[in-house]
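Descriptive structure summary
Listed here are the chains, written in short residue letters.
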Amino acid sequence: MQHTTEWDTKIAPWIEKSGGLESLTGDKTREGFEEHILGSMAGMRQILQDGQQKAAAYWNPVSSLTMSEIIKADRINAAFQEVLDDPAAEEALQHPALKPLLAHAAS
């Protein structure tokens, strides 16, 4: 977050007020660490909420797909890429039935 415009005016001061970076990222097994983090997060939450803007639009290109379908498509793509990388598959990939699949892979 150091690359945001709020770093100098809001975020860095909040880190200092919260005890410094070490107190927010240090030994997570330390007594009271979780309570300290939870208590400090209200300040960060406020910084983030102050910077929120209403979205002009929303578009989700995969809204019609389930997570299972997305995962399956990713696995199929990975397997297909392996086939494309295998020189021994060159002859099989010349079959006319695979033309639509290869056309999609090329785009």
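Residues numbered from 1 in each chain as written. Predicted model: local features only at pLDDT ≥ 70, side-chain atom pairs only at ≥ 80, totals over all residues. Heavy atoms only, no water.

**Points about the overall build of the protein**
Selection rule: Helix numbers and strand numbers start at the N terminus; a helix is a DSSP run of H or I with at least 4 residues, a strand a run of E with at least 2. Only the C-alpha atoms count toward the radius of gyration. The rule for a globule is 2.2 Å times the residue count to the power 0.38. Burial classes follow relative accessibility: with a 1.4 Å probe on protein chains only, a residue under 20% of its type's maximum area counts as buried, one over 50% as exposed, and anything between as partly exposed. Contact definition: two residues touch when any of their heavy atoms are within 4.5 Å. Here the accessible surface of atoms and residues is derived via Shrake-Rupley with a 1.4 Å probe, and residues count as covered only by protein chains that are part of the display.
For the protein, the helix and strand inventory stands at 5 helices and 0 strands. The secondary structure elements of the protein, listed N-terminal to C-terminal, are α-α-α-α-α. Rg of the C-alpha trace for the protein: 25 Å, well past the compact-globule value of 13 Å for 107 residues, more than 25% over. Dimensions along the principal axes, computed over C-alpha positions, put the protein at roughly 65 × 40 × 25 Å. Each of the 107 residues in the protein was classed as buried or not, and the buried ones make up 15%. The contacts of the protein with a sequence gap of at least 6 include a subset with a gap of at least 24, amounting to 26%. Surface summary for the protein: the accessible area is close to 9,100 Å², and the carbon and sulfur share equals 57%.

**Here we look at the side chain of Ser18**
Note the threshold: Polar contact is defined as a pair of N or O atoms within 3.5 Å, subject to the rule that within protein one atom must be able to donate a hydrogen and the other to accept it, and that residues adjacent in sequence are counted only when both atoms are side-chain atoms.
Here Ser18 is to be found in the loop between α1 (7-17) and α2 (21-25). What makes Ser18 buried here is its relative accessible area of 9%. Among the polar contacts listed, one links the side chain of Ser18 to the backbone oxygen of Trp14, at a separation of 2.9 Å. Not counting residues up to four positions away in its chain, the partners in contact with Ser18 are Ser23, Leu24, His36 and Ser40.

**Structural notes on the layout of surface pockets**
The gaps left among the atoms become clear once a water-sized probe is rolled over them. Note the following rule: Here a cavity denotes grid points, spaced 1 Å and computed from the protein atoms alone, that fit a 1.4 Å probe unable to get out, and a pocket denotes an open set having protein on both sides within 12 Å along at least 5 of 7 lines; residues with an atom within 4 Å of a point are the lining. Grid points are joined across faces, edges and corners, and a volume is the space filled by probe spheres set on the points. In this count, Pro and Cys sit with the nonpolar residues alongside Ala, Val, Leu, Ile, Met, Phe, Trp and Tyr, while Asp, Glu, Lys and Arg are called charged and the others, Gly among them, polar.
If you add up the space inside the largest pocket, you get close to 150 Å³. Lining the largest pocket are Ala73, Ile76, Asn77, Phe80, Gln81, Leu101, His104 and Ala105. Mapped onto the lining of the largest pocket, the elements with two or more residues apiece are α4 (67-85) and α5 (99-106). With 5 residues, α4 is the single largest residue contributor to the lining of the largest pocket. Looking at the lining of the largest pocket residue by residue, the classes come out as 5 nonpolar, 3 polar and no charged.

**Here we look at the environment of Ile11**
Along the chain, Ile11 falls in helix α1. Measuring from C-alpha to C-alpha, the distance between Ile11 and Pro100 comes to 52 Å, with 89 residues separating the pair along the chain. With residues up to four places along the chain from it excluded, the contact list for Ile11 reads Met1, Thr4, Glu6, Met44 and Ile47.

**A word on helix α3 (residues 33-50)**
Applied cut-off: In this analysis, the expected span of each helix is defined as 1.5 Å times one less than the number of residues it contains. Bend is the name given here to the angle between axes fitted to two runs of seven residues, the run ending at a residue and the run starting at it.
Counted at 1.5 Å a residue, the expected span for α3 with its 18 residues is 26 Å, and the 26 Å between its end C-alpha atoms agrees. Its maximal kink placed at Met41, α3 deviates by approximately 30°. All buried positions along α3 are accounted for by Phe33, Ile37, Ser40, Met44 and Ile47. Looking at the buried positions of α3, the neighbouring elements they touch are α1 and α2.

**Brief notes about the side chain of Ser23**
Along the chain, the position of Ser23 falls in helix α2. There is a polar contact of 2.9 Å between the side chain of Ser23 and the backbone oxygen of Ser18. Within the structure, the side chain of Ser23 is placed 3.3 Å from the backbone oxygen of Gly19, a separation counted as a polar contact. Among residues more than four places away in sequence, those in contact with Ser23 are Ser18, Arg30, Phe33, His36 and Ile37.

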